[in-house]
Amino acid sequence: MKIFVTGNNGYVGKVLTSSLLTHNFDVIGCDANFYSTDNKDDTKIISLDKDIRQITSDDLQGCDC
């Protein structure tokens, strides 16, 4: 299952992304990175650097939720 996570580099987003990866979900992250910090899971996910107001249907292609 492929899951699209907005704010994946934020406090809650990092915890959620890490948990999803632990349970073997595929994750696509989307974050504007206003407060970017190191994320150890960056290499395991596709990450879009954009504001959620700029998400297109192409960005969500193949996502289940």
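Residues numbered from 1 in each chain as written. Predicted model: local features only at pLDDT ≥ 70, side-chain atom pairs only at ≥ 80, totals over all residues. Heavy atoms only, no water.

Caption draft 1: Representation of the nonpolar core. Counting residues in each nonpolar core, the largest one holds six residues, listed as Ile3, Val5, Leu20, Leu21, Val27 and Ile45. If you list the elements that add at least two residues to this core, you get strand S1 (2-6) and helix H1 (11-22). Look past the residues within four positions of Ile3 in its chain and what remains in contact with it is Leu20, Phe25, Asp26, Val27, Ile28 and Cys65. (Core = buried A, V, L, I, M, F, W, Y, C linked by side-chain atoms within 4.5 Å. Buried < 20%, exposed > 50% of the residue type's maximum accessible area, 1.4 Å probe, protein only. Helix = DSSP H or I, 4+ residues; strand = E, 2+ residues; numbered from the N terminus. Contact = heavy atoms within 4.5 Å.)

Caption draft 2: Focus on H1. The terminal C-alpha atoms of H1 lie 17 Å apart, and with 12 residues this matches the ideal 16 Å at 1.5 Å per residue to within 8%. Among all positions of H1, only Gly13, Thr17, Leu20 and Leu21 are buried. Viewed along the axis of H1, the buried residues span an arc of 95 degrees, placing them on a single side of the element. Exposed and facing more than 90 degrees away from the buried side of H1 are Tyr11, Val12, Val15 and Thr22. Within two residues after H1, Asn24 carries a phi angle of roughly 65 degrees, on the positive side. (Expected span 1.5 Å × (residues − 1). Arc of directions from axis to C-beta.)

Caption draft 3: Main features of the pattern of salt bridges. The final tally for this structure, using the stated rule, is two salt bridges. Of the charged contacts, one joins Lys50 and Asp59 as a salt bridge, the two residues approaching to 2.8 Å between their closest N and O atoms. The exposure class assigned to Lys50 is partly exposed, which follows from its relative accessible area of 22%. The residue Arg53 makes a salt bridge to Asp51 at a minimum N-O spacing of 2.9 Å. Among the residues examined, Arg53 registers a relative accessible area of 73% and is labelled exposed. (Salt bridge = Lys/Arg side-chain N within 4 Å of Asp/Glu carboxyl O.)

These figures capture arrangement, not role.
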